[in-house]
Amino acid sequence: MKMKIQPRLNIMSLISSITALLLVLNCQSVFQNARDTNYHIYELCFLFIMGESVLLVSKSGISRKNKKNWELYSFIYLFIIFIYTLFSVQFGDLLRFLSRFLVFPFALLHFMSSSSDGNKYKLFKYFVDWTAIISLITSLFWFLSSFMGLGPTSEFVWKWSGDVYGLSYYNLYFSSPYQYIDLIPGLVMRRNIGIFTEGPMFMLVLSFALLFYYMFNNIFEIQIWKIISILVAMVTTFSVTGYIIVITIIALKIISNSKRFKNKIIISFAVLSVGLIAAVGVIEMKSSSASYLVRMDDFSTGMRAFLSNPILGIGYENTSTLRSFMSSSRSFNMGFSNTLFAILAYGGIILTVIYLFPICVGLKKSYTRNDKMVFLFCVLYLLLYCTVIYYTFFINFILWGFLLFYSTNRVQLDKSNNFFK
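I will try to describe carefully the structure that is included in this document. (Residues numbered from 1 in each chain as written. Predicted model: local features only at pLDDT ≥ 70, side-chain atom pairs only at ≥ 80, totals over all residues. Heavy atoms only, no water.)

Strand order in this open sheet of three strands is β1-β2-β3, and the pairing throughout is antiparallel. Only two strands of the sheet have a single neighbouring strand rather than two, namely β1 (154-159) and β3 (173-175). Neighbour to neighbour, the strand axes of the sheet diverge by 40 degrees on average, direction disregarded. Bridging between strand β2 (residues 163-169) and β3 involves three bridges; their strand directions are antiparallel. Within β3, the position partnered with S168 by the bridge is F174. Relative to the sheet, helix α6 (residues 117-147) contacts β2 and β3, its axis offset from that of β3 by approximately 50 degrees. (Pairing = 2+ DSSP bridges. Helix = DSSP H or I, 4+ residues; strand = E, 2+ residues; numbered from the N terminus. Axes fitted to C-alpha atoms, helices over the stretch in contact; angles between N-to-C directions. Contact = heavy atoms within 4.5 Å.)

Below you can see the structure in the form of structure tokens.
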């Protein structure tokens, strides 16, 4: 039986909805990166996460067990952050670093509260809701501007490896002169970046929305139009990672609905074969492209930077040193493209542990509990670490809080208990 959020508006629902919107905008929206106006997205997101968590605990309380777990995890986390700050964060970056990383204890407090699962998890539902609305609006503008001749209403400049002079459509949809893709020889398409700095950032938000829908669909009812809107937007981002996530979720839904183990094996083999063929084809098609070469060089760059100082890394966002490890052939694109090797390079083992520990315990507990929903989420969350750079996004701290709460409490999202059998 699915829990439904009460239709009447209350202060907690309003705060949760605003927090979810800010979490979406924090994923490198053009508003967060606007050159001419500071919308204070990071600051507002921090304040709303903190305020919502404190209000939730003050209203519902916290059990003795969860309080001890919260204190233990928070102490260990803050101790690691203190050590890393002491040795790897420059004084000029101190405020920016702390304003991003000190939010975790509040994100964890949100889930450790004694509030109902519906109240704890509705943050994810609101994330899906906002993503669906953004997807619907931006996909419409993408189609009208790409095929029907709709023109922009103004120019909007955002900071993304320099100033990007993009086009705005009523500040509801944006396009970038750098976000085009060669689908096939002779066919160039503009990627749908929505309200974000580039296609991969929009893909990241869409991926999380689909994963939240998949993981919590037994708790909250999500209207079908929202999922269709998100899927359409995902198609128009032209992101291989996004397509892999969509195919994986659809395949797992089909497998879950199958009662016979033999059918599960057949479907799994078919999906794996199609996925491998598609992956080889895409890699072969993109192997000579500039973006592919940059992404491959990022893995090598991150590893070399990590090996130069494995414990503490080269320092928080020490881009000048990081770029010294990059290939000289990529002077046109000095940005970094994936989270895992960024934290290895910037933070070494000490910072990487923070990012991987919640996923590892989530994988272990979900496997032990035969909970395919959380298990799949952890696997795809790790995949996104390897393909998109988003290590300072607040959505990470929310997800770590959930995974640690899941691992220390008897939580079971998947009730079927037939995935690993």
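As a further point, take the packing of aromatic side chains. Applying the stated criterion across every chain, the model contains 51 aromatic pairs. With a centroid separation of 4.7 Å and an interplanar angle of 55 degrees, the aromatic rings of F124 and F212 are classed as tilted. Taken as a pair, F124 in helix α6 and F212 in helix α7 (residues 199-216) lie far apart in primary sequence, 88 residues in all. For the ring pair F141 and Y169, a centre distance of 6.4 Å and an interplane angle of 45 degrees mean the geometry is tilted. In this pair, F141 sits in helix α6 while Y169 sits in strand β2, placing the two residues 28 residues apart along the sequence. Judged by its relative accessible area of 4%, Y169 is buried. The lysine or arginine in question, R100, covers the ring of Y42, its NZ or CZ lying 3.8 Å from the ring centre. Lying over the aromatic face of Y406, R369 brings its terminal NZ or CZ to 4.8 Å of the ring centre. (Phe/Tyr/Trp six-rings, centres within 6.5 Å; stacked < 30°, edge-to-face > 60°. Buried < 20%, exposed > 50% of the residue type's maximum accessible area, 1.4 Å probe, protein only. Lys NZ or Arg CZ within 6 Å of the ring centre and 35° of its normal.)

The contact between helix α1 (residues 11-25) and α6 brings their axes to 8 Å, and the two run at 55 degrees. It follows from the interaxial angle that α1 and α6 lie oblique. Where α1 crosses over α6, the handedness of that crossing is right-handed. Along the contact surface, α1 presents M12, S13, S16, S17, T19, A20, L21, L23 and V24, while α6 presents K122, L123, Y126, F127, W130, T131 and I134. Class assignment for the residues of the contact of α1 with α6 results in 10 nonpolar, five polar and one charged. (Parallel < 35°, antiparallel > 145°, perpendicular 65-115°, else oblique. Left-handed = near helix turned anticlockwise from the far one by under 90°. Nonpolar A, V, L, I, M, F, W, Y, C, P; charged D, E, K, R; others polar.)

As a further point, take a nonpolar patch on the surface. On the surface, I133, L136, I137, Y170, L172, I224, W225, I228 and V232 cluster together into a nonpolar patch covering about 840 Å² of accessible area. Mapped by element, the contributors of at least two residues to the nonpolar patch are α6 and α8 (224-237). Of all the elements, α8 adds the most residues to the nonpolar patch, at four residues. Within the secondary structure, I224 sits in helix α8. The exposure class assigned to I224 is exposed, which follows from its relative accessible area of 59%. (Patch = residues over 30% accessible without salt bridge, like charges linked within 9 Å, V, L, I, M, F, W, Y side chains within 5 Å. Areas by Shrake-Rupley, 256 points an atom, 1.4 Å probe, with all protein chains shown as cover. Salt bridge = Lys/Arg side-chain N within 4 Å of Asp/Glu carboxyl O.)

Moving on to the nonpolar core. In this structure, Y121, F208, F212, Y381, F402 and L413 are the most contacted members of the largest nonpolar core, which totals 116 residues. Per-element accounting of this core gives the leading share, 14 residues, to α7. Ignoring any residue separated from it by four or fewer positions in sequence, one finds Y121 in contact with F111, F216, I219, F220, F402, F405, V411 and L413. Counting seven residues, the second largest nonpolar core, distinct from the first, contains F141, W142, M189 and F238. (Core = buried A, V, L, I, M, F, W, Y, C linked by side-chain atoms within 4.5 Å.)

None of this, on its own, says anything about what the molecule does.
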